[in-house]
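Residue-level listing of the chains:
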Amino acid sequence: MRPKFYWPKRVLMFYLPMILILTFIIFPLYWTVRTSLMHERDIVSLPIRYLPIPATFTNFITAWDVVGFNMYFRNSLFVAVLSVTLVTFFSIFVGYSLSRFKFRGKNAFMFMMLATQFLPAAMLILPLFMIFRNLNLLNNHFSLVLINTTMQLSFNSILMRGFVSGIPIELEEAATIDGCSRIGAIFKTVIPLLIPGLVATAAFSFVGVWNEFLYAFMFMTSRTNFTLPIGLRSVIGEYTANHGILAAGSMIALVPALLMFVYLQKYLITGLAAGSVKG
């Protein structure tokens, strides 16, 4: 027989906290959607309206066509796709080397890679600014690609090491016996089995690059080169802000990452489970 107060205790100890946490997480997203679908006069009027009635898509149209979010979206997509491609490509070989090879200072090297993740981003602004100024890369999207690739590579290489460690080395040895070189064995046996890990790495990299604000804010001076985070910042004036357009721009920025995770969640979960093995 179960205790008489089993279910009330379970509700109080588990379900109620989970509901509160979920509400705390989802409510800001709901409020953003609600704000993006309302006229500005209805957003700031009292009493507060909790439902977007009457609903309108004017904010989305204005943000996309007038404010320039179509241009910001293209810029962010270019930087994100190129950065993620480079991070994924290089992390395969760095992760493979850390998993398969033994060399002096390997643990120290991995420690240094992880230690770079603790450096404050603001500390690097001045030296990077001087470097990119000398290379004529200020106000250039390739400067953001270089920064994002460098910043994302360390963590994702360590992550990729865990994925590679989950693949039996005997598969590569069999491919080598059949006449493959080491590079050939990597492309024919390792990479096909790394698909879930590659998806997880690309997803983490994409979110980090897509949301990057500080370096883009410091190095992009022309509105035509703004990325989405900087475009959202530009909507906020010194004394005023158009809440409807800001919310609509936030939803536009959210859609790619949301669709990516919905579409790739199966591979993402598999990849994270594979990356949890001990290398």
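Everything that follows concerns the structure shown earlier in this document.
The structure contained in this document is the topic of the report that follows. Predicted model, so just to flag it, every value in this text is computed and none were measured. Along each chain, residues carry numbers from 1 onward, in the same order as the chain's sequence is written. Under the rules for a predicted model, residues below a pLDDT of 70 receive no local features and side-chain atom pairs below 80 are neither given nor counted, while totals for whole chains, interfaces and linings still include all residues. Hydrogen atoms and water are omitted, and side-chain values are computed over all heavy atoms in the structure.

### Focus: the nonpolar core
Working definition of a nonpolar core: buried Ala, Val, Leu, Ile, Met, Phe, Trp, Tyr and Cys residues. They are joined through side-chain atoms within 4.5 Å. Exposure categories follow from relative accessible area, calculated using a 1.4 Å probe and restricted to protein chains: below 20% of the type maximum is buried, above 50% is exposed, and the middle band is partly exposed. Residues Phe69, Leu128, Phe206, Trp210, Tyr215, Phe219 and Leu228 are the most contacted members of the largest nonpolar core, which totals 34 residues. Comment: elements are numbered from the N terminus, with helices defined as DSSP H or I runs of at least four residues and strands as E runs of at least two. Residue assignment for this core shows that the elements contributing at least two residues are α4 (69-100), α6 (125-134), α7 (141-165), α10 (195-210), α11 (214-219), α12 (228-235) and α13 (243-274). An automatic or database domain assignment supplies the start and end points of every domain. Taken domain by domain, this core gets at least three of its residues from each of domain 1 (1-67 + 240-252) and domain 2 (69-238). Contacts are assigned to residue pairs with any non-hydrogen atoms lying within 4.5 Å of each other. When near neighbours in sequence (up to four residues on either side) are disregarded, Phe219 contacts Ile125, Leu128, Phe129, Phe132, Leu138, Asn139 and Ile147. Counting residues in hydrophobic clusters, the runner-up holds 13 residues, among them Ile92, Phe163, Leu194 and Ala200.

### Some points on unusual backbone geometry
Residue Pro54 is reached from Ile53 by a cis peptide bond, and omega for that bond is 0°. Along the polypeptide, Pro54 turns up in the loop between α2 (40-44) and α3 (58-67). Phi at Asn136 is positive, roughly 55°, even though this residue is not glycine. Note on placement: Asn136 falls in the loop between α6 and α7. Looking at Asn136, the relative accessible area reads 65%, which means it is exposed. One non-glycine residue, Asn139, lies in positive phi territory at about 60°. The topology assignment puts Asn139 in the loop between α6 and α7.

### Some thoughts on empty space enclosed by the protein
Two kinds of site are reported from a 1 Å grid over the protein atoms alone, namely cavities, where a 1.4 Å probe fits but cannot get out, and pockets, open sets with protein on both sides within 12 Å along at least five of seven lines, and residues are called lining when an atom falls within 4 Å of a point. Grid points are joined across faces, edges and corners, and a volume is the space filled by probe spheres set on the points. Enumeration over the complete set of coordinates arrives at one cavity of 30 Å³ or more. Of the volumes computed, that of the largest cavity is approximately 70 Å³. For the largest cavity, the full set of lining residues is Ser76, Val79, Ala80, Leu144, Asn148, Val209, Trp210, Glu212, Ala216, Thr227 and Pro229. Contributions of two or more residues to the lining of the largest cavity are made by α4, α7 and α10. Tallied by class, the residues present in the lining of the largest cavity amount to seven nonpolar, three polar and one charged. Each residue receives one of three labels: charged for Asp, Glu, Lys and Arg, nonpolar for Ala, Val, Leu, Ile, Met, Phe, Trp, Tyr, Cys and Pro, and polar for the others, Gly being one of them.

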